[in-house]
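Single-letter residue listing:
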Amino acid sequence: TFLTRNTIDISTISDKFRVQSQTLVKDVNLLLFNANTVNYKSLFERIKEDRKESEENGNISEESSFNHFEHTVLNPIKPIDAFLTELLDKEIIPPEIDGHIETMKKNSELSKKNGFEILSGMHSILFDSFNMIKNGQIKPDKETVESLRACLIVVAAVVRGKEVNISDYLNRAGNFRKKIDSIKNKEE
C-alpha cells in the first residue's frame, strides 16, 4: 500500500520498516509459538494412539515416542557446538565432520517426518554447510560458525519449547541459507 499510494522516500523507508518489523516480530513469534503448540498437540495425540496400539500388540514403539525424538535431536547439539569451536582453531577439517553430516541428514529427515519444518530446515542448513566445508566450498570462519550456532540455538529452543525470542537466530540462519544456496547455484 505504501509503495502504490505514496511517492517513495528512501530515507523514511528504513525507519518505517524498522517500526513495522518490530511489530511483525511479535506477531511472527506468536504465530510460531501457536504453530509449534498445534504440532506438539497433534504429535502427542499420535504418540498416544501409537502407544495404545503397540501395547495391544505387546510392545511399545520407541521410534514414535516424542521423548525419543527429543533425545535424538538434542543429543548432538553439544558435540556439534564443540566441533564448531574446533573448526575455528584448525587448518585441516577434522574427520568427525562425516559423522556430523550423517547426523544432520538423519535429523532433518526425522524432523520433517514428524511435521517440524523449522527443525528440518535448521538441520538441512547444518548438513549442507558441513558438506560444503568438507569440500572446501565455504570456509569455517567466524561468521559461518556463528550462523551454524544460530541453527543449533533455534533447534534447542523449539524442541525444548522455550518461550524466548529466536527471531534474530532465525533471521541469521535464513540469511546463511541464502548464502549457501547462492554458492550451490554458482557451482551448478
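Relevant structure appears above.
Quick caveat, the model's predicted, so the values are computed rather than measured.

A. Focus on the packing of aromatic side chains. Enumeration according to the criterion identifies two aromatic pairs in this entry. Summarising the aromatic geometry, the rings of F83 and F130 are spaced 5.7 Å apart at their centres and angled 90° between planes, so their arrangement reads as edge-to-face. In this pair, F83 is assigned in helix 4 (residues 77–89) and F130 in helix 6 (residues 117–134), connecting sequence segments 47 residues apart. For the pair formed by F83 and F130, the shared burial category is buried.

B. Region of interest: the nonpolar core. Judged by nonpolar contacts, the single largest core of 38 residues is most densely connected at L84, M122, I125, F130 and L148. At the level of elements, helix 3 (66–74), helix 4, helix 5 (97–113), helix 6, helix 7 (142–160) and helix 8 (167–187) are the ones that each hand at least two residues to this core. It is helix 7 that contributes the most residues to this core, 10 residues altogether. Ignoring sequence-local partners within four residues, the contact set of L84 consists of F130, V145, L148, R149 and L152.

C. Here's a closer look at the packing of helix 3 against helix 7. Axis separation between helix 3 and helix 7 bottoms out at 10 Å; the angle between their running directions is 165°. The orientation of helix 3 relative to helix 7 falls into the category roughly antiparallel. Remark: the crossing between helix 3 and helix 7 carries left-handed chirality. Only V155, A156, V159 and R160 of helix 7 make contact with helix 3, whose side of the interface consists of F66, E70, V73 and L74. Within the contact of helix 3 with helix 7, the residues separate by chemical class into six nonpolar, no polar and two charged.

D. View of the environment of P95. Turning to its location among the elements, P95 is positioned in the loop between helix 4 and helix 5. Relative accessible area serves as the criterion here: at 64%, P95 is assigned to the exposed category. Between the alpha carbons of P95 and K134 there is a distance of 9.1 Å; along the sequence they are 39 residues apart.

E. View of helix 3. Turning to helix 3, its buried residues are F66, F69, V73 and L74. Around the axis of helix 3, the buried residues are gathered within 110° of arc, so they sit on the same side.

F. Structural context of the side chain of D128. Relative to the elements of secondary structure, D128 occurs in helix 6. At 3.2 Å, the side chain of D128 and the side chain of K184 are in polar contact.

G. Just the pattern of salt bridges, in detail. The full count for this structure, using the stated rule, is six salt bridges. A salt bridge links D81 to R149; the shortest N-O distance between them is 2.4 Å. Residue D81 is found in helix 4, and its partner R149 is found in helix 7; the two are separated by 68 residues along the sequence. Residue D81 is classed as partly exposed on the basis of its relative accessible area, which comes to 30%. As a salt-bridge pair, D128 and R177 come within 2.8 Å of each other at their nearest N and O atoms. Note that D128 is positioned in helix 6 and R177 in helix 8, a separation of 49 residues in sequence. A single burial state applies to D128 and to R177, both of which are buried. Salt bridges sharing partners connect three or more residues here, namely D128, R177, D181 and K184.

H. Here's a closer look at the packing of helix 4 against helix 7. Packing of helix 4 against helix 7 brings their axes to within 10 Å, and their N-to-C directions diverge by 175°. Here helix 4 is positioned roughly antiparallel relative to helix 7, judged by the angle of their axes. On helix 7, the residues that touch I77, I80, D81, L84, T85 and L88 of helix 4 are K142, V145, L148, R149, L152, V155 and A156. Looking at the contact of helix 4 with helix 7, its residues break down into nine nonpolar, one polar and three charged.

Cut-offs applied
Numbering of residues starts from 1 in each chain and follows the order in which that chain's sequence is written. Residues qualify for local features only when their pLDDT is at least 70, as the model is predicted, and side-chain atom pairs are given and counted only at 80 or more; totals for whole chains, interfaces and linings, by contrast, use all residues. Side-chain metrics in this entry use all non-hydrogen atoms of the structure; hydrogen atoms and water are not considered. Geometry of aromatic contacts follows a simple scheme: Phe, Tyr and Trp rings, the Trp one being its six-membered ring, pair when their centres are within 6.5 Å, and the pair is stacked under 30 degrees between planes, edge-to-face over 60, tilted otherwise. A run of H or I in DSSP counts as a helix once it spans at least four residues, and a run of E counts as a strand once it spans at least two, with each numbered from the N terminus. Under the scheme applied here, a residue whose accessible area is under 20% of the maximum for its type counts as buried, over 50% as exposed, and between as partly exposed, the area being computed with a 1.4 Å probe on protein chains only. Nonpolar core, defined: a set of buried Ala, Val, Leu, Ile, Met, Phe, Trp, Tyr and Cys residues in which side-chain atoms within 4.5 Å join the residues together. Two residues qualify as a contact provided that any one of their heavy atoms is within 4.5 Å of a heavy atom in the partner residue. Every angle, taken between N-to-C directions, lies between 0 and 180 degrees, and every axis is a line fitted to C-alpha atoms, over only the stretch in contact when it is a helix. Angle categories: roughly parallel below 35 degrees, roughly antiparallel above 145, roughly perpendicular from 65 to 115, and oblique for all the rest. In this scheme the crossing of two helices becomes right-handed for a clockwise turn of the near helix relative to the far one and left-handed for an anticlockwise turn of less than a right angle. For this scheme, ten residues count as nonpolar: Ala, Val, Leu, Ile, Met, Phe, Trp, Tyr, Cys and Pro. Four count as charged, namely Asp, Glu, Lys and Arg, and the remainder, Gly too, count as polar. Here, the arc refers to the directions that run from the helix axis to the C-beta atoms. Counting of polar contacts relies on pairs of N or O atoms within 3.5 Å, with two restrictions inside protein: one atom must be capable of donating a hydrogen and the other of accepting it, and residues adjacent in sequence are counted only when both atoms are side-chain atoms. Each salt bridge in this description consists of a side-chain nitrogen of Lys or Arg and a carboxyl oxygen of Asp or Glu lying within 4 Å of one another.

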